[in-house]
Structures are given as structure tokens and as C-alpha cells.
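This is what each chain is made of:
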Amino acid sequence: MRFDILTVLPELLEGPFNHSILKRAQQKGLLEVHLHALREYATDKHRQVDDYSFGGAAGMVMKAEPIAACIEQLLAERPYDAIIYTSPDGQRLDQALCNRLSLQENILVLCGHYKGVDERIREKYITLEISIGDYVLSGGELAAAVLVDSVGRLIPGVLNDETSALFDSFQDDLLAPPVYTRPAEWRGMKVPEILLSGNDKLIEEWRHEQSLQRTKERRPDLYEKYKSAG
Ligand code: ADE
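Residues numbered from 1 in each chain as written. Predicted model: local features only at pLDDT ≥ 70, side-chain atom pairs only at ≥ 80, totals over all residues. Heavy atoms only, no water.

**Some remarks on the domain arrangement of the chain**
Thinking step 1. Along its sequence, the chain is organised into domain 1 (2–152) and domain 2 (169–229).
Thinking step 2. One C-alpha centre belongs to domain 1, the other to domain 2; they are set 36 Å apart. (Domains from an automatic or database assignment.)

**Remarks on the site of the ligand**
Thinking step 1. Taken together, Thr86, Ser87, Pro88, Ile130, Ser131, Ile132, Gly133, Tyr135, Val136, Leu137 and Ala143 form the complete shell of residues around the ligand.
Thinking step 2. Ile132 is positioned with one of its backbone polar atoms (N or O) 3.0 Å from a nitrogen atom of the ligand.
Thinking step 3. The backbone of Leu137 places a nitrogen or oxygen atom 2.9 Å from a nitrogen atom of the ligand.
Thinking step 4. Within the complex, the protein chains bury 96% of what would otherwise be the 260 Å² of accessible surface of the ligand.
Thinking step 5. Of all the secondary structure elements, the ones that give two or more residues to the shell around the ligand are strand S5 (82–92) and strand S7 (128–131). (Near = heavy atom within 4 Å. Polar contact = N/O pair within 3.5 Å; in protein donor to acceptor, adjacent residues only side chain to side chain. Areas by Shrake-Rupley, 256 points an atom, 1.4 Å probe, with all protein chains shown as cover. Helix = DSSP H or I, 4+ residues; strand = E, 2+ residues; numbered from the N terminus.)

**Considering the sheet that holds S5**
Thinking step 1. Taken in spatial order, the five strands of this open sheet run S2-S1-S6-S5-S7, and their pairing is parallel. Among the strands making up the open sheet, the edge pair consists of strand S2 (32–37) and S7. Across the sheet, the mean angle separating the axes of adjacent strands is 30° when strand polarity is ignored.
Thinking step 2. Pairing between S5 and strand S6 (residues 106–111): five bridges, direction parallel. Bridge pairing in S6 links Ile84 to Val109.
Thinking step 3. The strands touched by helix H2 (residues 64–77) are strand S1 (2–7), S2, S5 and S6; relative to S1, the strand with the most contacts, the crossing angle is about 165°. (Pairing = 2+ DSSP bridges. Axes fitted to C-alpha atoms, helices over the stretch in contact; angles between N-to-C directions. Contact = heavy atoms within 4.5 Å.)

**Digging into the state of the cysteines**
Among covalent bonds in proteins, the disulfide is the one between the sulfur atoms of two cysteines.
Thinking step 1. Applying the stated rule across the entire model yields zero disulfides.
Thinking step 2. Cys111 takes part in no disulfide bond, and the closest cysteine sulfur, belonging to Cys70, lies 11 Å away. (Disulfide = S-S within 2.5 Å.)

**Examining the nonpolar core**
Thinking step 1. Of all hydrophobic cores here, the largest spans 30 residues; its most connected members are Ile5 and Leu101.
Thinking step 2. Every element with two or more residues in this core is listed here: S1, helix H1 (20–27), S5, helix H3 (95–101), S6, S7 and helix H5 (141–152).
Thinking step 3. Here Ile5 is in contact with Leu13, Phe17, Val33, His34, Leu35, His36, Val109, Cys111, Ala144 and Val148, once residues within four sequence places are set aside.
Thinking step 4. Met62, Tyr80, Leu110 and Ile121 belong to the second-largest nonpolar core, a separate cluster that totals 22 residues. (Core = buried A, V, L, I, M, F, W, Y, C linked by side-chain atoms within 4.5 Å. Buried < 20%, exposed > 50% of the residue type's maximum accessible area, 1.4 Å probe, protein only.)

**Remarks on the pattern of salt bridges**
Thinking step 1. Using the criterion set out here, one finds 14 salt bridges in the structure.
Thinking step 2. Among the ionic pairs, Asp4 bridges to Arg2, the shortest N-O distance being 2.8 Å.
Thinking step 3. Here Asp173 makes a salt bridge to Lys225, at a shortest N to O gap of 3.4 Å. Pair noted here: Asp173 is in the loop between H5 and strand S8 (185–186) and Lys225 is in helix H7 (residues 220–229), with a separation of 52 residues, a long-range link.
Thinking step 4. In this structure, a network of salt bridges that share partners links the residues Arg2, Asp4, Glu32, Glu77 and Arg78. (Salt bridge = Lys/Arg side-chain N within 4 Å of Asp/Glu carboxyl O.)

**Points about the pairing of S2**
Thinking step 1. Where S1 and S2 come together, six bridges link them in parallel fashion. Paired with Thr7 across the bridge in S2 is Ala37.

**Structural notes on a nonpolar patch on the surface**
Thinking step 1. A surface patch of nonpolar side chains, about 420 Å² in accessible area, is lined by Leu9, Leu12, Tyr135, Leu137 and Leu142.
Thinking step 2. Residue position: Leu12 is located in the loop between S1 and H1.
Thinking step 3. Assessed through its relative accessible area of 40%, Leu12 is described here as partly exposed. (Patch = residues over 30% accessible without salt bridge, like charges linked within 9 Å, V, L, I, M, F, W, Y side chains within 5 Å.)

**Looking at the environment of Gly90**
Thinking step 1. Counting through the fold element by element, Gly90 comes out in strand S5.
Thinking step 2. Residues Gly90 and Met1, 89 residues apart in the sequence, show an inter-C-alpha distance of 23 Å.
Thinking step 3. With near-sequence residues (within four places) excluded, Gly90 lies in contact with Glu129, Ile130 and Ser131.

**Focus on the environment of Tyr114**
Thinking step 1. The residue Tyr114 is located in the loop between S6 and helix H4 (119–124) in this model.
Thinking step 2. Since its relative accessible area comes to 38%, Tyr114 is described here as partly exposed.
Thinking step 3. If sequence neighbours within four positions are ignored, Tyr114 has contacts with Val8, Arg39, Val49, Asp50, Met60 and Met62.

**A closer look at the pairing of S1**
Thinking step 1. Extensive coverage of S1 is indicated by the burial of six of its six residues.
Thinking step 2. The two faces of S1 match: Arg2, Asp4 and Leu6 on one face and Phe3, Ile5 and Thr7 on the other face are all buried.
Thinking step 3. You can see the chain leave S1, run along H1 and come back into S2, and the turn it takes is right-handed.
Thinking step 4. Bridging between S1 and S6 involves five bridges; their strand directions are parallel. Within the sheet, the bridge partner assigned to Ile5 lies in S6 and is Val109. (Right-handed = clockwise from strand over helix to strand, strands pointing away.)

Now the structure itself:
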């Protein structure tokens with residue numbers, strides 16, 4: 001799977017994908033992440049990527065031309081399954097959307113900045129707008145990083161049995177159960193006996209019960225969804 005990320009701040013995205021699971025995914029050839037600095041597509045002498053907002057609203061707006069030039073160059077090279085714009089007014093990213101996107105081949109992500117992007121870019125190219133939550137970031141780069149991380153780890157073959165996503169929180173609309181590692185007793189606090197029993201069936205039942213309890217307490221909305229899905 002390939003991500004092309006268009007940004008005015010590529011420096012912000014140089015770190016997050018070069019560690020751990022996403023690094024291995026790239027080494028295995030399962031994931032490619034390409035950063036595109038929008039400034040390089042600006043043709044004026046100051047390489048301007050933003051400009052004043054028509055109508056006098058406060059804040060700068062990302063200009064259409066450099067974005068269009070970059071998107072059109074990429075579209076000439078390959079088709080994209082989704083052209084995503086990261087914005088607080090997009091669809092809220094959740095595990096179901098991550099699962100769906102992880103089956104795609106080519107995804108282009110335009111990171112919003114300043115007061116946003118010229119609306120005509122949204123109309124002409126964007127097929128999906130994604131928000132990572134009801135709060136405002138200073139730019140869409142961190143949202144793009146969240147998107148690539150949460151989708152990239154789900155690409156078939158990226159996770160092994162040990163890190164399997166099957167037991168993640170949200171994968172079945174339930175939060176994950178508590179986990180423990182050595183020592184079995186720490187500062188007088190003991191690991192639940194059942195986890196040391198070696199009885200896989202009982203452990204599985206305990207984990208499921210813990211997931212249910214935790215979801216009911218912390219996320220009654222998810223619990224109701226789980227219950228009604230039967
Ligand atoms: N850009 C600014 N805030 C954002 C958010 N919450 N999600 C996605 N992109 C954003």
C-alpha cells in the first residue's frame with residue numbers, strides 16, 4: 001500500500017514512520033510513504049503556498065495552484081483509491097474506516113493548514129475528508145500521521161500473530177482487556193491468578209469478561225453498539 005502525503009511542513013512527518021511496526025512494514029515492502037513538499041510546486045518567485053482569504057476572513061488559505069500541480073502529477077502516475085483531506089470538519093476516523101482503508105492500494109492525503117484549503121480543491125479532487133477528533137490541531141500533519149499509523153498496521157502481513165490486530169480495542173467494538181507482564185507480584189499488587197493458570201479456555205473467557213466490563217464502564221456507547229449487533 002502506498003501513501004502520498006502533500007504538506008507544507010514535510011519536516012513534521014519525517015520521524016513518525018521510521019520506527020517499529022511501520023518501519024518494518026516499509027522494509028518488508030508492504031507500505032510506502034512518500035512526502036511531497038507543496039512549496040516545491042509553487043511557481044511564483046516566493047514559492048507562496050498560502051494567501052489572504054477573499055471576503056476578509058481572518059487567517060491565510062492554502063492556494064489551489066500548488067496543490068493542483070502536485071495532485072495532477074501524482075494522478076498522471078497512478079490512480080488513487082482515495083484522495084483524503086485532513087480537516088476537523090471531516091468524517092471521524094474510527095477502526096471501521098481504518099479497516100476499510102487498509103485494503104486499498106494507493107491513498108493520497110492532503111494535509112490542511114492555516115485556515116484551510118481553497119474550497120475549489122475540495123470540490124475538484126477530494127473524495128474523503130477525515131477528522132481525528134473534535135478538536136483543532138495547528139495543521140493536518142499530525143492527523144495524517146495518525147491515519148497512516150492506524151491504517152498501515154492493518155495492512156495484511158504487517159502484524160504477526162503476536163501483535164495481531166484481532167484483539168485490539170475497537171476491533172469488535174469492545175475495549176481491550178487489561179494486560180500484565182513480569183513480575184507476577186509488584187509492590188504487593190498481584191497479577192490475576194487466572195492468567196498464571198495455563199488454562200487457555202478460562203483465560204480467554206476472563207479476557208472477554210474484562211473487555212465487556214471495561215467497555216460497559218468506560219464506553220457505554222460502544223457497549224450498546226456491541227450488544228445490539230448481537
Ligand atoms: N486539522 C486540524 N484539526 C484536525 C482534526 N481534528 N482532524 C484532522 N485534521 C485536522
